[in-house]
Amino acid sequence: MNPKVGQIVHYLSYGTPGGEYTSQCRAAIVTEVVPLEGNDAAQAEIENWDEDQRCRVSLAVLNPSGLFFDTQLWQDESRTRGGSWHWPEDSTDTSGCPHCGRGETRS
Ligand SMILES: [Zn+2]
Ligand SMILES: [Zn+2]
């Protein structure tokens, strides 16, 4: 499933290197979906990437204290890379998110 403009996804914020701030799940609205081109598209074909990873998205990130906009973001369902997006935990079958705790009650 490809993300669509207007859908809500999660943006994983960057933590600070010293650990003062950890990465957090933030609600984000998809503002643009750009299909991969050139080398990226070729790489995706060779490695047989999932459909949702064959694009980069722009997001309006809803931080508690303000809006933040970013473009050209990659999906990371492992939620390890700050500055990436993923599907909200309650719409996946994963076993709980270490960042926001969502999805933990699903079995
Ligand atoms: Zn999340
Ligand atoms: Zn989370």
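Okay, so let's go over this structure. (Residues numbered from 1 in each chain as written. Chains lettered and ligands numbered in written order. Predicted model: local features only at pLDDT ≥ 70, side-chain atom pairs only at ≥ 80, totals over all residues.)

## Considering unusual backbone geometry
With a phi angle near 55 degrees, asparagine 48 is a residue other than glycine that sits in the positive phi range. Within the element layout of this structure, asparagine 48 appears in the loop between α1 (38-47) and β3 (55-63). For asparagine 48, a count of 6 C-beta atoms within 10 Å puts it in the exposed group. In this structure, arginine 79 is a non-glycine residue whose phi angle is positive, near 55 degrees. Within the secondary structure, arginine 79 sits in the loop between β4 (66-73) and β5 (84-86). The partly exposed category is assigned to arginine 79, around which 19 C-beta atoms lie within 10 Å. (Helix = DSSP H or I, 4+ residues; strand = E, 2+ residues; numbered from the N terminus. Buried ≥ 20, exposed ≤ 12 C-beta atoms within 10 Å, placed from the backbone.)

## Observations regarding the pairing of β3
For strand β2 (residues 25-35) and β3, the ladder comprises 8 bridges, and the chain directions are antiparallel. Bridge assignment links valine 34 to a residue of β3, and that residue is arginine 56. Bridge count for β3 against β4 is 6 bridges, and the pairing is antiparallel. In the strand pairing of β4, leucine 59 is matched with aspartate 70. (Pairing = 2+ DSSP bridges.)

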